[in-house]
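A closer look at the structure
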Amino acid sequence: SFKTVSDGGTFSLLTTTGWQFTTRSAPTISTTTPVNNGTGVAINTSLAVTFSESVTLIGGNKLYVKNTASPTTPVATIDLSTASLSGNTATFAIPSALSYATTYDITVDANSFKTVSDAGTFSALTSAGSWLFTTLAAPDTKAPVITFSLVALTKGAANKVQITVDDTATGNGTITTASLWYRGV
């Protein structure tokens, strides 16, 4: 029963107290790109989430890209309305390249998704650590230094040329393939 505000009297809306309703599970995430806990991810990657059913995104809500080393300040904040939807997949463009060899955590505001089938809102990826990936290491851009020393060549003799590689960028110092061209003496 209910009580009226004006006189405090009680009244009943229904003669029975039984209510019936049906609940269902919220859609789930089928895949993420990059994959959760993925490594070697390109720094200019886009982000994609595939759901178990078709969804729409609630504009004004945000997706956050955070460096796990400093998670309080996002390196990118993306409005969900900028996503590209295709089937069950939402794809997001990151506005600038990410840093090399960095772990990122992707989160989304609560109640950011709506099912197409019944327009029910639901949350996904709201907790830190739900979707992590690490970008690839910076490329070796330092060219190796190649030097050689030549001794006097003698026609018909076994002549030697010494080649040395100084590859301090990777510390490898190994030549995997070398060709030496020479003219007869």
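Note on numbering: residues in each chain are counted from 1, in written sequence order. It should be noted that, the model being predicted, local features are given only for residues of pLDDT at least 70 and side-chain atom pairs only at 80 or more, the latter also being counted only at that level, while totals for whole chains, interfaces and linings use all residues. Side-chain calculation: all heavy atoms of the structure are included, whereas hydrogens and water are not.

A short note on the pattern of salt bridges
Inclusion rule: We count a salt bridge whenever a side-chain nitrogen from Lys or Arg sits within 4 Å of a carboxyl oxygen from Asp or Glu. Numbering of helices and strands runs from the N terminus, with a helix taken as a DSSP run of H or I at least four residues long and a strand as a DSSP run of E at least two residues long. Only protein chains enter the area calculation, which uses a 1.4 Å probe; residues under 20% of their type maximum are buried, those over 50% are exposed, and those in between are partly exposed.
Summed over the entire model, instances satisfying the criterion amount to one salt bridge. Lys62 serves as the salt-bridge partner of Asp79, at 3.2 Å between the closest nitrogen and oxygen. With Asp79 in strand β8 (residues 74-79) and Lys62 in strand β7 (residues 62-67), this pair connects stretches of sequence that are 17 residues apart. Here Lys62 falls in the partly exposed class, since its relative accessible area comes to 24%.

With respect to the side chain of Thr115
For clarity, the threshold we go by: Definition of a polar contact: a pair of N or O atoms within 3.5 Å, with one able to donate and the other able to accept a hydrogen when the atoms are protein atoms, and with sequence-neighbouring residues admitted only if both atoms are side-chain atoms. Any two residues whose heavy atoms approach within 4.5 Å are treated as being in contact.
Following the sequence through the fold, Thr115 ends up in strand β12 (residues 113-115). Among the polar contacts listed, one links the side chain of Thr115 to the side chain of Asp118, at a separation of 2.2 Å. Beyond its immediate stretch of four places on either side in the chain, Thr115 contacts Arg24, Pro27, Glu53, Ser54, Val55, Gly120 and Phe122.

With respect to the side chain of Thr107
Take Thr107: it is sitting in strand β11 (residues 103-108). Overall, Thr107 belongs to the buried group, its relative accessible area being 7%. Each residue touching Thr107, except ones within four places of it in the same chain, is listed here: Lys62, Leu63, Tyr64, Lys66, Leu125, Thr126, Ser127 and Ala128.

Structural notes on the sheet that holds β12
Test applied: Here, a strand pair is defined by DSSP locating no fewer than two bridges between the strands.
Strand order across the open sheet formed by three strands is β6-β12-β13, with antiparallel pairing between neighbours. Two strands bound the open sheet, and with one partner strand each, they are β6 (55-57) and β13 (121-122). Pairing analysis gives two bridges linking β12 to β13, with the strands arranged antiparallel. By the bridge assignment, Phe113 is partnered in β13 with Phe122.

Considerations on the packing of aromatic side chains
Put simply, the rule reads: Stacked, tilted and edge-to-face are the three classes assigned to paired rings of Phe, Tyr and Trp, where Trp is represented by its six-membered ring and a pair needs centres within 6.5 Å; plane angles under 30 degrees give stacked, over 60 edge-to-face, the rest tilted. Our definition puts a charge over a ring when NZ of Lys or CZ of Arg is within 6 Å of the ring centre and also within 35 degrees of the ring normal.
This model, assessed by the stated rule, comprises four aromatic pairs. Note on Tyr104 and Phe133: the rings are 5.9 Å apart at their centroids and 35° apart in plane angle, and the pair reads as tilted. One end of the pair, Tyr104, is in strand β11; the other, Phe133, is in strand β14 (residues 132-135), with 29 residues separating them in the sequence. Sitting over the ring of Tyr64, Lys66 keeps its end group 5.7 Å from the ring centre.

Describing the pairing of β11
Within β11, five of the six residues are buried, which leaves it mostly tucked inside the rest of the structure. As paired elements, β7 and β11 share five bridges and run antiparallel to each other. Considered in β11, the bridge of Val65 is made with Ile106. Alignment of β11 against β14, held across three bridges, turns out to be antiparallel. Looking at the pairing, Asp105 lines up with Leu132 of β14.

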